[in-house]
Amino acid sequence: MDLVLNRADYLQVGVTSQKTMKLLPASKSRTTQKVVIGDHDGVVTCFGMRKGEAVAVFKTLPGQKIARLELGGALNTPQEKIFIAAGSEIRGFTKRGKQFLSFETNLTECIKAMHVSGSDLFLSASYIYNHYRDCKDQHYYLSGDKINDVTCLPVERLPRITPVLACQDRVLRVLQGSDVMYEVEVPGPPSVLALHNGNGGDSGEDVLFGTSDGKLGLTQVTTSKPIHKWEIRNEKKRGGILCIDSFDIMGDGVKDLLVGRDDGMVEVYSFDDANEPVLQFDQMLSESVTSIQGGCVGKDSYDEIVVATYSGWITGLTTEPIHKESGPGEELKINQEMQNKIASLRSELEHLQYKVLQERENYQQASQSSRAKTAVSAISVNDKFTLNKDDASYSLILEVQTAIDNVLIQSNVPIDLLDVDKNSAVVSFSSCDSESNDNFLLATYRCQANTTRLELKIRSIEGQYGTLQAYVTPRVQPKICQVHQYDIKPLSLHQRTHFIDHNRKGEGVFKSDNISTISILKDVLSKEATKRKINLNILYEINEVSVKHTLKLIHPKLEYQLLLAKKVQLIDALKELQVHEGNTNFLIPEYRSILEEADHLQEEYKKQPAHLERLYGMITDLFIDKFKFKGTNVKTKVPLLLEILDSYDQNALIAFFDAA
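Residues numbered from 1 in each chain as written. Predicted model: local features only at pLDDT ≥ 70, side-chain atom pairs only at ≥ 80, totals over all residues. Heavy atoms only, no water.

Caption draft 1: Inspection of the nonpolar core at higher detail. Counting 27 residues, the largest nonpolar core has Leu 396, Leu 398, Val 407, Ile 409, Tyr 445, Leu 454 and Leu 468 as its most contacted members. Listed by contribution, the elements that provide at least two residues to this core are strand E30 (393-400), strand E31 (404-411), strand E32 (415-418), strand E34 (441-446), strand E35 (453-460), strand E36 (466-474) and strand E37 (482-488). Among the elements that take part in this core, E30 stands out by supplying 4 residues, more than any other. Excluding anything up to four places from it in sequence, Val 407 contacts Leu 398, Ala 443, Thr 444, Tyr 445, Leu 454, Ala 470, Tyr 471 and Val 472. Counting 24 residues, the second largest nonpolar core, distinct from the first, contains Leu 551, Ile 554, Tyr 616 and Tyr 648. (Core = buried A, V, L, I, M, F, W, Y, C linked by side-chain atoms within 4.5 Å. Buried < 20%, exposed > 50% of the residue type's maximum accessible area, 1.4 Å probe, protein only. Helix = DSSP H or I, 4+ residues; strand = E, 2+ residues; numbered from the N terminus. Contact = heavy atoms within 4.5 Å.)

Put into structure tokens, the structure is as follows:
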């Protein structure tokens, strides 16, 4: 069946973090539910909808930034107690807003993730995991990499407590007490965890995970080993996953999978007869989706998907139709309701405009007073810098709660800025003197009005490492700028592996098909050891066959790019023939295919200079590094190598490598 959902914006609060919005359980089936949300101002807001208006149930005073919000309560009862994590403190509220808990954990780091189950509280900071029962410390674990989320298998269904940590090094760590029972390798850095169907599925052991590079999967966490059920690759190159929920929005009696991504995409997956997920619905919002829930908020009997966005909007995607059939009497009533709503909105808008003018005047007075040095515009920048292993590039995502005016990108190492289809900003480059001031790149992105999210694609050169800086200037008065720094690593296009021999002490063995990787490692390790005055003994063995093997691995990519150029050169001539003859029946299938795919081929060709340059660079580095290990400098032969590449033949290239 086709799923049709209509958008309704309910309320805006402050900037929100991941997983900070929940729907309180309804008293009866398919009746409206209350929404509770926490924001960066430290305010917990609970509201319901009445006649199309948001009506507050309670609202707390401002405080520390709220990093997580979860619902809890006694096991096997409605989960309607509200728990929030702010700083290193956990606070609890009833559904009426009365505070019943204030628990200072005394953690040295701020709490980043939380799971509540009965009297058990599972918390994680950046690297530290703690388990509390009745606010008393039970277990502790120090992770080797950042913990992004935490959950626990349902204790009411299983005879054991099994916490699961989502760690940045592409691993789910399954704990027993304070020890790791086993690790589950996943296809990307896991950013969010959720129990399948909200209760662990049929076995009670099924855990859903979403990754920061947009992949989604289900694994069964048994007592002895993981069982991978399914995985959805991110073929459409959508954003990273921030939130997951299970709810029967299709109305077929089976819970569907609701997914929110950091590029604003909302997705609904149903399950086929083989229990494999199938995409049924997707809709793009203008900013990242930090929380997602299924339920009923706007009107009784109409199910909906409720999402919270980064800037604090709570929005419903509801099954309630926009246009309803009605008789003459009802039409008059609807018109009157609409007029009342318009009048109410105008009144609210006038009040807000007056309030903005007042606050702006107060701010200007404060900035011109003796305390001017402390008067600054406070903005929050949500950023993410991740490796896309499929196309060997990095994504830099910058998101601000207000419109972005411009972003200046500066780098002290050579990098390429690649085109991004979603990016509507105008980019301009400034000339820089890389020899005197280490400036290899200065680029300014000027954003269109109301742009709150900017996505950039960057390609680095392995072996050249340094710092990339982004200067973000929002459209606020007075003008301010926030600087964010990102490390470009020596092996920036490599990623971690999990098969390591822990028996070796005091030595590292590095193996690669590509001799250039070993060359980069050798140079960086030598440089860092000299800087730290460490005595380092480096031995290496070079297998000549590996060079031919690497060239054979590069061959299909290089051949595709060169063949693409030849196809594009034929397009104009083939189009002329088509016009002259009136059809393409006389052409061989290969030429007909070129004409059919002409637009796609030309679009690919636009990106080609960057692709070819990268492949030429890899082959050139391979050539130089092969002879560097033999103590020979062959840089004078590079022009000859480039001539061979321009008239590419694989056998001729291999012969050149052997003869040089």
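Caption draft 2: Representation of the packing of aromatic side chains in the model. Under the definition given, this model contains 10 aromatic pairs. Ring geometry for Phe 385 versus Tyr 394: centroids 4.8 Å apart, planes at 15°, classification stacked. Taking relative accessible area as the criterion, Tyr 394 reaches 11% and is therefore assigned buried. Members of the aromatic cluster, each reached through a chain of ring pairs, are Phe 623, Phe 627, Phe 656 and Phe 657. Over the face of the ring belonging to Phe 100 we find Lys 81, whose NZ or CZ atom lies 5.2 Å from the ring centre. (Phe/Tyr/Trp six-rings, centres within 6.5 Å; stacked < 30°, edge-to-face > 60°. Lys NZ or Arg CZ within 6 Å of the ring centre and 35° of its normal.)

Caption draft 3: Focus on the packing of helix H4 (residues 544-581) against helix H6 (residues 598-606). Taken N-terminus to C-terminus, the directions of H4 and H6 make an angle of 130°; their axes are 10 Å apart at the nearest point. For the element pair H4 / H6, the angle class is oblique. Two packed elements cross with a definite hand, and for H4 against H6 that hand is left-handed. Across the interface between the two elements, Tyr 560, Leu 564, Ala 565, Lys 567, Val 568, Ile 571 and Lys 575 from H4 touch Ala 598, Leu 601, Gln 602, Glu 604 and Tyr 605 from H6. Considered class by class, the residues forming the contact of H4 with H6 number 8 nonpolar, 1 polar and 3 charged. (Axes fitted to C-alpha atoms, helices over the stretch in contact; angles between N-to-C directions. Parallel < 35°, antiparallel > 145°, perpendicular 65-115°, else oblique. Left-handed = near helix turned anticlockwise from the far one by under 90°. Nonpolar A, V, L, I, M, F, W, Y, C, P; charged D, E, K, R; others polar.)

Caption draft 4: Highlighting the side chain of Thr 151. Assignment of secondary structure puts Thr 151 in strand E14 (residues 147-152). Thr 151 has contacts with His 115, Thr 162, Pro 163, Val 164, Leu 193, Leu 195 and Val 207, leaving out every residue within four places of it along the chain.

Caption draft 5: Quick peek at unusual backbone geometry. The phi angle at Asn 76 is positive, at roughly 65°, despite the residue not being glycine. Mapped onto the elements of the fold, Asn 76 is located in the loop between strand E6 (66-72) and strand E7 (81-86). On the basis of relative accessibility, which here comes to 71%, the residue Asn 76 falls in the exposed class. Phi at Asn 197 takes a positive value of approximately 60°, unusual for a residue other than glycine. Inspection of the secondary structure puts Asn 197 in the loop between strand E18 (190-195) and strand E19 (206-211). We classify Asn 197 as partly exposed; its relative accessible area is 23%.

Worth remembering: the numbers are spatial, not functional.
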